[in-house]
Amino acid sequence: MAAGRRLISFCDSFGHEEASVSCSKPENGCVDSLSIFHSEKAVEELLQQTPVAGMDEHLIEFSEALRTVAKALRRAAEGKASAQAEAAEWKRRYELERTRNIQMERKARMAEQFSAEKNGDIDCERVKNSDNQSMLQNESNEYSETGCMKHGIWSHEVLRDRESDSNSNADRNKIMRKASFKLSWWCNGENGDQHKHDIVSFERGNITTAERSSKQISLKWESDPQTVLILTKPNSVSVRILCVQMVRWLRERKKLNVYVEPRVKVELVAESSNFSYVQTWKDDSEISHLHMKVDLVITLGGDGTVLWAASMFKGPVPPIVPFSLGSLGFMTPFHSEHFKDCLDSVLRGPISITLRHRLLCRVVRDAAKNEYETEEPFLVLNEVTIDRGISSYLTNLECYCDNSFVTCVQGDGLILSTTSGSTAYSLAAGGSMVHPQVPGILFTPICPHSLSFRPLILPEHVTVRIMVPFNSRSPAWASFDGKDRKLLAAGDALLCSMAPWPVPTACQVDSTNDFLRSIHDGLHWNLRKTQSFDGPRDRDL
């Protein structure tokens, strides 16, 4: 009875609190998520203080209903915030469109003024200067508002109606305004490394996708490479011998500057004092500037060495030439026996490359004020894994894609993989093999507690949020490319999105050929004996 009275008194207080939350509207119009959070915590504390044996079944069901209501309120608040953000974006696009129309009208008016100036009506130079100044001011304001995503949508194109069969001059000169638009991708501005590419266009009622400039990405040197970084697999005699030969050949024949790891330089100098020209770095602070010094990275090892090379660069990554000295080698197409011919072809160029996308992962603690208050981010080339660690309980994870709820994961864990990592842990957990240049995020459960839980492939532009709920029986552990494990307690979240800096790896033939050859040679994919031809056949009717 005491438990029932405590629960009834809590229900009354929860009802008053819910009413106050629904009545009070903050400035942004969203429900106060802090009050909802306190409501959930209060339900948890009440259930922990009250022995379950002394409570009626309907009280337990009612407490579960209260918890569900609190979650629903929180999700409603998140949805409302997302809707307001979308409305603000559409308002911004409307303002940009209106500014563009004003500029078009000014250009037309300026043309009329120029024609009138020929008749001596107005001072053309004065009008031109004033209009140009106002147009430049509007364009600068527009660029400051949109940043690098300038002119994401184009519209309002004036088209001439050429299909009119009328003989009258009015019909032949008929002008119609067509609501045409063009969706474009833009990054780093006009002077950046990546240029604007039209991906979808709409004209005269037809939607078409722009033709790809190339089926395979090609890299062409505009100037000869000067500096090479060599990264090797440790504790391997064959790798050490190959490294000595390669360093000597690059220096004596190609006249290149060679960087190696500090450990490798000690081994080279111990081998011979003639290797004193080899350069290295003193501390980790110099590694952040390597991409400004190194033109090419050579890896001697397996896929793990490629992962190590990618982890050294927290931003842009130089092109990587991976040599196969490991066991499988999904990302190492070059063979060490012909390293001179391979490197000579790469240094001469052009070469085919594979842009391997990476995931940018950030841990947001429960005590953080917002999602931007995160710990140091991680860049992963293969996958990020959220598992239960040493706990005997099932992992309980709430998954969101942008602001949309995806599912609750109950099982051994979850894998968020890149397409380059689709042939790694994700494949072992039942995920699909995906071409490495397909931009996407693989969503693969680990031994789920549901037979209908199948893997997903999400688009590259989304942000995946994995949260440990407060009712989880145990915390979770996150590992990034198999290392740097982080504890995720109740209320903590992991945000994963596509990183803007891919890892370019050189191809022996092209991206598709190398990928198919790797799964045939490494996995013996679909390898079986051919069916005998002397068996039974269909009879002719």
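Residues numbered from 1 in each chain as written. Predicted model: local features only at pLDDT ≥ 70, side-chain atom pairs only at ≥ 80, totals over all residues. Heavy atoms only, no water.

Looking at an unreviewed UniProt entry, one finds the protein chain named NAD(+) kinase and attributed to Gossypium darwinii. Quoted verbatim from the Sequence similarities (unreviewed entry) field of the UniProt record, the comment on the protein chain reads "Belongs to the NAD kinase family." Annotation of the protein chain in UniProt includes, under Catalytic activity (unreviewed entry), the sentence "NAD(+) + ATP = ADP + NADP(+) + H(+)". (UniProt positions renumbered as here; feature names shortened; annotations may be inferred.)

**With respect to the overall build of the protein chain**
Within the protein chain one finds 11 helices and 25 strands. Counting across all 541 residues of the protein chain, residues that qualify as buried make up 38%. Counting only carbon and sulfur atoms, one obtains 52% of the accessible surface of the protein chain, whose full area is about 32100 Å². (Helix = DSSP H or I, 4+ residues; strand = E, 2+ residues; numbered from the N terminus. Buried < 20%, exposed > 50% of the residue type's maximum accessible area, 1.4 Å probe, protein only. Areas by Shrake-Rupley, 256 points an atom, 1.4 Å probe, with all protein chains shown as cover.)

**Considerations on the packing of aromatic side chains**
Within the structure shown, the criterion is met by 6 aromatic pairs. For the pair phenylalanine 378 and phenylalanine 480, a centre-to-centre distance of 4.1 Å together with 10° between the ring planes defines the contact as stacked. Of this pair, phenylalanine 378 sits in strand S15 (residues 378-380) while phenylalanine 480 sits in strand S22 (residues 476-480); the two residues are 102 residues apart in sequence, bridging distant segments of the chain. Accessibility assignment for this pair places phenylalanine 378 and phenylalanine 480 in one class, buried. An angle of 40° between the planes, with centres 6.4 Å apart, marks the rings of phenylalanine 443 and phenylalanine 453 as tilted. Here the residue phenylalanine 443 occupies a position in strand S19 (residues 440-448), and phenylalanine 453 occupies one in the loop between S19 and strand S20 (456-459), the gap between them amounting to 10 residues. Phenylalanine 453 carries the same exposure label as phenylalanine 443, and that label is buried. (Phe/Tyr/Trp six-rings, centres within 6.5 Å; stacked < 30°, edge-to-face > 60°.)

**Details of the UniProt feature "coiled-coil region" (unreviewed entry) in the protein chain**
Residues annotated in UniProt with the feature "coiled-coil region" (unreviewed entry) correspond here to residues 73-100. Across residues 73-100, the secondary structure splits into 100% helix and 0% strand, with the terminal C-alpha atoms separated by 41 Å.

**Thoughts on unusual backbone geometry**
Residue glycine 349 is joined to proline 350 through a cis peptide bond whose omega torsion reads -10°. With a phi close to 55°, asparagine 526 is a non-glycine residue in the positive phi region. With respect to the helices and strands, asparagine 526 occurs in the segment after helix H11 (511-523). Judged by its relative accessible area of 63%, asparagine 526 is exposed.

**Considering the pattern of salt bridges**
Enumeration over the complete set of coordinates arrives at 11 salt bridges. A salt bridge links glutamate 267 to arginine 240; the shortest N-O distance between them is 3.6 Å. Of this pair, glutamate 267 sits in helix H7 (residues 262-271) while arginine 240 sits in helix H6 (residues 237-252), and the two are 27 residues apart along the sequence. Exposure remark for glutamate 267: the relative accessible area of 28% places this residue in the partly exposed category. A salt bridge links lysine 254 to aspartate 344; its shortest N-O distance comes to 2.5 Å. Pair noted here: lysine 254 is in the loop between H6 and strand S9 (257-260) and aspartate 344 is in helix H9 (residues 339-348), with a separation of 90 residues, a long-range link. For lysine 254, a relative accessible area of 28% puts it in the partly exposed group. (Salt bridge = Lys/Arg side-chain N within 4 Å of Asp/Glu carboxyl O.)

**A few points about the nonpolar core**
Among the nonpolar cores identified, the biggest contains 34 residues, and Ile230, Met246, Leu250, Ile298, Leu300 and Phe323 are the most heavily contacted of them. Of all the secondary-structure elements, those providing two or more residues to this core are strand S8 (227-232), H6, S9, H7, strand S10 (296-301), strand S11 (320-324), H9 and strand S13 (351-356). For this core, the element with the highest residue contribution is H6, accounting for 8 residues. Discounting chain neighbours no more than four positions away, the residues touching methionine 246 are Ile230, Ile298, Leu300, Phe323, Phe339 and Leu343. Counting 28 residues, the second largest nonpolar core, distinct from the first, contains Leu359, Val384, Ile441 and Val468. (Core = buried A, V, L, I, M, F, W, Y, C linked by side-chain atoms within 4.5 Å. Contact = heavy atoms within 4.5 Å.)

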